[in-house]
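# Topology and contacts: notes
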Amino acid sequence: MIGHRCGLIILIPLLFAISPHARAAPTLGVYPNSPVGAGANSIVTPNAVPTGTTAIHVSTNTSFKGSFVANLATGVVRVTNAHPAGTYAVTVKAFGGGDTTSRNFTLTVNTGTVCTNPVVFNPAANVTTTLSTHLALAVGDFNNDGNQDLAASGSGAAIRLGDGLGGFSGTTVVSLGTLPFGLATGDFNMDGNLDLAASSFTGNSVSIRLGDGLGGFSGTTSVGVGTSPNGLAVGDFNKDGKPDFAAANSASATVSIRLGDGLGGFSGTTEVSTNGNTEKVVVGDFNADGNPDIASSNEGQDTVSIRLGDGAGGFSGTTNVSVGNSPPNLAIGDFNGDGKQDLALTRFRRCRFAWGTAWVVLAEPPKSALTSTHFTPRSGTSITMASRTSLWSPQAPAR
Ligand SMILES: [Ca+2]
Ligand SMILES: [Ca+2]
Ligand SMILES: [Ca+2]
Ligand SMILES: [Ca+2]
């Protein structure tokens, strides 16, 4: 027995001496607090390059609707389409050797020049693709040149690279599952290049395609979800620093939650019940507890379901907000500037092609006691849209 004890005492320090670097925690430089204009892009450069790092993820609270991507070699964080205006505490998390290291900085998104009414949008050139129909759109900087690019799904995803002046070019079409009604972006393998996720309505799955940072995408990963998935949203639901996704399943009255491994893979079987006919899903933090929540539009039920996240990948609650008019689409924003996240919904007037307004629903206090009256439809807040092409719905494809 004495001999065994002596052996252990010698062996433990010896293991550390043989492989000190295998257990070294990843390092990150210090990031400066940085400003950026609303709707603009920016880069935030640390004072040192990362070491021992195999993946980096950048996150902030769910009010921020732009995107972050970190370069694995340099640690530089690219901020794309920063909005809305506000001050955000940003966390940069490095992974490596089984350890993590975090750095924080403040991103201040400044309000641009205040527009005087009426706001006028001038027509720009149409972007053409070879797809016969267009089912969903996503925006991101796919070739890392600082200009926002477009992905449009139909029979695959057409990628068009922006020139920063409103023009787009390219011929890339990325293979996807059938009927991709939902499209979302994120850096799923955390290599610093934006990737694509697309729902497959008839495949009951979500296609994951990994970006090469040059505008190309590859991979054949297909993640099983519920029945007839439509809308998609990306968030970090278990707060492990790795992007996850939520898929709205229109035929199974659920939202599928799948957790990312930071390498481009997803797992899990969580199905969050909704009020039915679930078309779209968005990620917010409606009770302001720091855990991402989800809201789903339930077309045909005339409701929006709010489900609160536990920060571990689970969701609870039964709140269904009556909004009427079979909302097919929804988006999150703070439309009255009170710091609470509100919802905007498109109206669907039963008649397949006749819609023309967006409906704004404002969140009401108190946040700590969220009920179905928390989100109150406001009369007089409809926004008249120029034409049906201004507000696209997957339930009424162009014909
Ligand atoms: Ca670009
Ligand atoms: Ca990536
Ligand atoms: Ca996660
Ligand atoms: Ca929450």
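Heads up: the structure comes first, above all this text.
Calculation criteria
- Residues numbered from 1 in each chain as written.
- Chains lettered and ligands numbered in written order.
- Predicted model: local features only at pLDDT ≥ 70, side-chain atom pairs only at ≥ 80, totals over all residues.
- Pairing = 2+ DSSP bridges.
- Helix = DSSP H or I, 4+ residues; strand = E, 2+ residues; numbered from the N terminus.
- Core = buried A, V, L, I, M, F, W, Y, C linked by C-beta atoms within 7 Å.
- Buried ≥ 20, exposed ≤ 12 C-beta atoms within 10 Å, placed from the backbone.
- Contact = placed C-beta atoms within 7 Å.
- Axes fitted to C-alpha atoms, helices over the stretch in contact; angles between N-to-C directions.

### Quick word on the pairing of strand β20 (residues 266–273)
Judged from the 6 bridges that link them, strand β19 (residues 254–260) and β20 form a sheet pairing that is antiparallel. What sits directly across from V255, in β20, is V272. Hairpin connection, β19 to β20: the antiparallel pair is bridged by 5 residues, and G262 has positive phi, about 80°.

### Remarks on the nonpolar core
Counting 74 residues, the largest nonpolar core has A157, L183, V206, F245 and A246 as its most contacted members. Non-local contacts of A157, meaning those with residues more than four positions away in its chain, are made with A151, A152, V173, V174, L176, P180, L183, L196 and A198.

### Describing the sheet that holds strand β16 (residues 217–224)
The antiparallel open sheet is built from 4 strands, whose spatial order is β13-β14-β15-β16. Two strands in the sheet have a free side with no partner beyond their single neighbour: β13 (183–186) and β16. Strand-to-strand twist of the sheet, defined as the mean angle between neighbouring strand axes without regard to direction, takes the value 25°. One ladder, built from 4 bridges, connects β13 with strand β14 (residues 195–200); its direction is antiparallel.

### Some details on the environment of A157
Within the secondary structure, A157 is located in strand β10 (residues 156–162). In this structure A157 comes out as buried when scored by C-beta crowding, with 27 C-beta atoms within 10 Å. The sequence separation of A157 and F217 amounts to 60 residues, and the corresponding C-alpha distance is 9.9 Å.

### Description of the pairing of strand β17 (residues 229–235)
Of all 7 residues in β17, 6 are buried; the element is thus mostly enclosed. Bridge count for β17 against strand β18 (residues 244–249) is 5 bridges, and the pairing is antiparallel. Among the inter-strand pairings, G235 is bridged to a residue of β18, identified as D244.

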